[in-house]
Amino acid sequence: MKNDTIDLRSDTVTKPSKEMLDYMFSAPVGDDVFGEDPTVNELEAYAAELFGKEAGLYCSSGTQTNQIAINVYCRPGDEVICSKEAHIYKYEGGGIAKNSGSSVKLLDGDRGRINAPDVKGAINDPNNVHYPITALVALEDTMNRGGGAIYNPEEIKRIKALCTSEGLPLHLDGARVFNALVETGVDYRTYGGYFDSISICLSKGLGAPVGSVLVGDKDFIQRARRVRKVYGGGMRQAGIIAAGGQYALKNNISLLKEDHRKAKELERTLNACSWVESVLEVQTNIVVATLNPEASVDKIVGQLAEKEILVMPFGGQSIRMVTHLDIDDAQLEQIITAINSLR
Ligand SMILES: *Cc1c(COP(=O)(O)O)cnc(C)c1O
């Protein structure tokens, strides 16, 4: 890929900054499978502490943190309740079935955000032998397929209260949880209290090259550590990459607001285009536009690529653009000019 390509396909495409790289190269390291990598230990404790949790587990990806959490909670034959648009169901290679032998109860939701009454209706009666045992409820905030939609914290509270009364764990796929929290302003620890476990991605908008952290109570993380090993996820001198994540958590959360401002500008630009039918209201850094029935996704994606701007086809007549740390204001202007020139 050329250097001046503007890549809006995902917020995973960012490259580590010079400051982040310096921090990584100077990080103290050790054998993390022995629990002796000081940088990994610091990152795990820091991430856990942010959300008021007892412990953390550094993993290679958000898929791994999610799949580990599911495996801790679910036995073969159990069932997970989630949105039909959930990453854990749609984009993790069938991992719920493959890794944990569990099935899913998929809810429609609003832009992928499910609600307490629907969750309640989806919980199976454990005394009826016909049904799989409901073992887990999982939310995603922000919601990727929902165009970066943010959950109403009040709805999360209602779902948590329901899970507590039903004795069910509540997991959060928080790949973009900081995108939600910088907008809602909800206190991290209060928010952390709504979930039994949270998976956070360091390699999305926060700009680290690798990794996710799973946080929860000590017992949960101890079990998760065993599953990570079984999945081949025990890493050795991982501090060198964990340091990028630590740098990202300490320095880059507040920068997400900038990504959101830029995404809003793209929303306004697209809404004014004759070839665009609608744009999902932008709440964070993801812009999903549905093109007119006569317009061609391939053609639009191709025309933008000719101008060295990469966007992602997002199913049907939709395209997705994601703003991130490596898009500056000059590039934003270039994108807007390019979009306006399309016919
Ligand atoms: C990116 C993402 C993940 C994790 O993806 P990895 O590429 O495995 O790190 C999980 N959930 C959501 C919603 C995501 O967008």
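Every value quoted in this text rests on a predicted model; they were computed, and no experiment measured them.

Chemist: Just checking my understanding: could you explain the domain arrangement of the protein for this structure?
Modeler: Entries for the protein in the domain assignment read domain 1 (6-13 + 255-341) and domain 2 (18-253). Taking only C-alpha atoms into account, the centre of domain 1 sits 28 Å from that of domain 2. Taken together, the contacts link 18 residues of domain 1 with 24 residues of domain 2. At the boundary of domain 1 with domain 2, total buried surface from both sides reaches about 1,800 Å², with 49% on carbon and sulfur atoms.

Chemist: Would you mind showing me how to read the site of the ligand here?
Modeler: Every residue lining the ligand is accounted for by Ser 61, Gly 62, Thr 63, Asn 66, His 87, Glu 92, Glu 140, Asn 144, Asp 173, Ala 175, Arg 176 and Lys 204. Between the ligand and Gly 62, the relevant distance is 2.8 Å, taken from an oxygen atom to a main-chain nitrogen or oxygen of the residue. When the ligand is considered free in solution it has 380 Å² of accessible area, and contact with the protein chains removes 83% of it. Here the element with the most residues in the shell around the ligand is helix α3 (residues 62-73); it accounts for 3 residues. By residue class, the composition of the shell around the ligand is 1 nonpolar, 6 polar and 5 charged.

Chemist: Help me understand the packing of aromatic side chains, please; the structure alone is not making it clear to me.
Modeler: Here a ring pair, both rings aromatic, is described through the centre-centre distance and the interplanar angle of the planes. Under the definition given, this model contains 7 aromatic pairs. Counting every residue linked through ring pairs, the aromatic cluster contains Phe 51, Phe 178 and Tyr 188. A cation sits over an aromatic face here: Arg 145 above Phe 314, 4.3 Å from the ring centre. If you follow Lys 250 out to its NZ or CZ, it ends over the ring of Tyr 46, 5.4 Å from the centre.

Conventions used here
Along each chain, numbering runs from 1 in the same order as the chain's sequence is written. With pLDDT at 70 or above as the cut-off, local features in this predicted model cover only qualifying residues; side-chain atom pairs require 80 or more to be listed or tallied, and sums for whole chains, interfaces and linings still use all residues. The side-chain numbers reported here are obtained from all heavy atoms of the structure, hydrogens and water having been left aside. Domain start and stop positions are those given by an automatic or database domain assignment. Contact definition: two residues touch when any of their heavy atoms are within 4.5 Å. The buried area of a pairing is the accessible area, by a 1.4 Å probe, that goes missing from both parts when the two are put together, added over both. One heavy atom within 4 Å of a molecule or strand is enough for the residue carrying it to be called near that molecule or strand. Pairing of N or O atoms within 3.5 Å defines a polar contact, subject to two protein rules: one partner must be a possible hydrogen donor and the other a possible acceptor, and residues neighboring in sequence count only if both atoms are side-chain atoms. Here the accessible surface of atoms and residues is derived via Shrake-Rupley with a 1.4 Å probe, and residues count as covered only by protein chains that are part of the display. The way it works is that DSSP assigns letters per residue, a run of H or I at least four long becomes a helix, a run of E at least two long becomes a strand, and they are numbered from the N terminus. Three classes are used: nonpolar for Ala, Val, Leu, Ile, Met, Phe, Trp, Tyr, Cys and Pro, charged for Asp, Glu, Lys and Arg, and polar for all others, with Gly counted as polar. Each Phe, Tyr or Trp ring, with Trp reduced to its six-membered ring, pairs with another whose centre is within 6.5 Å; inter-plane angles below 30 degrees give stacked pairs, above 60 give edge-to-face pairs, and intermediate values give tilted ones. Criterion for a charge above a ring: Arg CZ or Lys NZ at most 6 Å from the ring centre, at most 35 degrees from the ring normal.

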